[in-house]
Amino acid sequence: MPELPEVEVSRLGLLPFLPGQRIVNVIFRTAKLRHDIPAWLATRLTGLRVDAISRRGKYLLFDCENTGGGGWLILHLGMSGSLRLVRTGTPAQKHDHVDLVFARTTLRFRDPRRFGTLLWHEGDDVVSHPLIAVLGIEPLSPVFDGDWLYAATRRRSAPIKPLLMNSHLVVGIGNIYASESLFRAGISPLRAAHRISRERYRILVPAIRSTLETAIAAGGSSVRDYVHSDGGAGCFQLSCAVYDRHGEPCPTCERPVHCVRQAGRSTFYCARCQR
């Protein structure tokens, strides 16, 4: 599933091309992704100018003249979605479900599993949308620090790794990035969150930030379907220290990397280096 780095890479790839451009046509090849696509949405979008593209968690927010009678297009890549900029008129392939056509290019949304989301929010207050309002803190924001995470976990007895993936607490830290961040911080993914000291949280938060920033610089992780807006692939997964390396030597101590299941997801860690 595309996480914060992949969504941010998608956003950065669109910024040189779309802001300031008007949508001249909208093509829907399905009536439903995760949610129904309203029949009127194509008409509502046509003619609007995309003024900016921002991100909240794993949602891309397209500012469509929200201060001038427009609103916000909310897009979530789901489990298998990707955005591509293609030449207008390029034949659609299977799973190419949505085209936003601009004068100079077409933004195409491909989603083989159709778990993505495409919604419209009228007006300027997009943060009040039910899907956005419940999101937790942004891990790349200045207010996310070790003291904040320490305070937020005092009554949390769950293991730290699934907790980092809880979007109501912190947004966008997916399975790969939680495993790698905890390895960098030397913290076991099995440790109860409320049993981690303030000092160790002050190590963990920079490790999370560094992991996410490194992943963004690497173009994200392309494990299955995710590609950039230009069709390229991310390569962060090639440099992972523990993720998907069960049985391979830890890069620090050379002991075999362990794998356990937590909250239905595979967790990779070094039992010697992470305590």
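In short, a report on the structure.

Scoring rules and cut-offs
Residues numbered from 1 in each chain as written. Predicted model: local features only at pLDDT ≥ 70, side-chain atom pairs only at ≥ 80, totals over all residues. Heavy atoms only, no water. Core = buried A, V, L, I, M, F, W, Y, C linked by side-chain atoms within 4.5 Å. Buried < 20%, exposed > 50% of the residue type's maximum accessible area, 1.4 Å probe, protein only. Helix = DSSP H or I, 4+ residues; strand = E, 2+ residues; numbered from the N terminus. Contact = heavy atoms within 4.5 Å. Polar contact = N/O pair within 3.5 Å; in protein donor to acceptor, adjacent residues only side chain to side chain. Pairing = 2+ DSSP bridges. Axes fitted to C-alpha atoms, helices over the stretch in contact; angles between N-to-C directions.

**Digging into the nonpolar core**
By size, the foremost hydrophobic cluster in this structure holds 36 residues, and its most contacted members are Leu149, Ile160 and Leu204. Those elements that provide at least two residues to this core are α5 (160-164), α6 (175-185) and α7 (198-217). At seven residues, the largest contribution of residues to this core is made by α7. Residue contacts for Leu149: discarding those within four places in its chain leaves Phe144, Leu164, Leu169, Tyr201, Leu204 and Val205. Counting 28 residues, the second-largest nonpolar core is a separate cluster that includes Ile23, Leu77, Leu100 and Trp120.

**As for the side chain of Thr106**
In this fold, Thr106 is placed in strand β7 (residues 106-110). Within polar-contact distance, the side chain of Thr106 engages the side chain of Thr88 at 2.9 Å. Ignoring any residue separated from it by four or fewer positions in sequence, one finds Thr106 in contact with Arg84, Leu85, Val86, Thr88, Asp99, Leu100 and Val101.

**Some details on α6**
The buried fraction of α6 amounts to 10 of the 11 residues, a majority that puts the element mostly inside the structure. Where the residues of α6 are buried, they touch α1 (4-14), α5, α7 and β10 (265-269). Count one or two residues on from α6 and you reach Gly186, which has phi positive near 70°.

**Concerning the sheet that holds strand β2 (residues 50-56)**
The sheet built from four strands is open, its strands ordered β2-β3-β4-β8 with antiparallel pairing. If you trace the sheet from one side to the other, it starts and ends with β2 and β8 (117-122), each paired once. The mean angle between the axes of side-by-side strands here comes to 20°, regardless of whether they run parallel or antiparallel. Sheet analysis places strand β4 (residues 71-76) next to β8, joined by six bridges and oriented antiparallel. Bridge pairing in β8 links His76 to Thr117. Sitting on the sheet, α1 touches β2 and β3 (59-64), and the angle it makes with β2 is about 165°.

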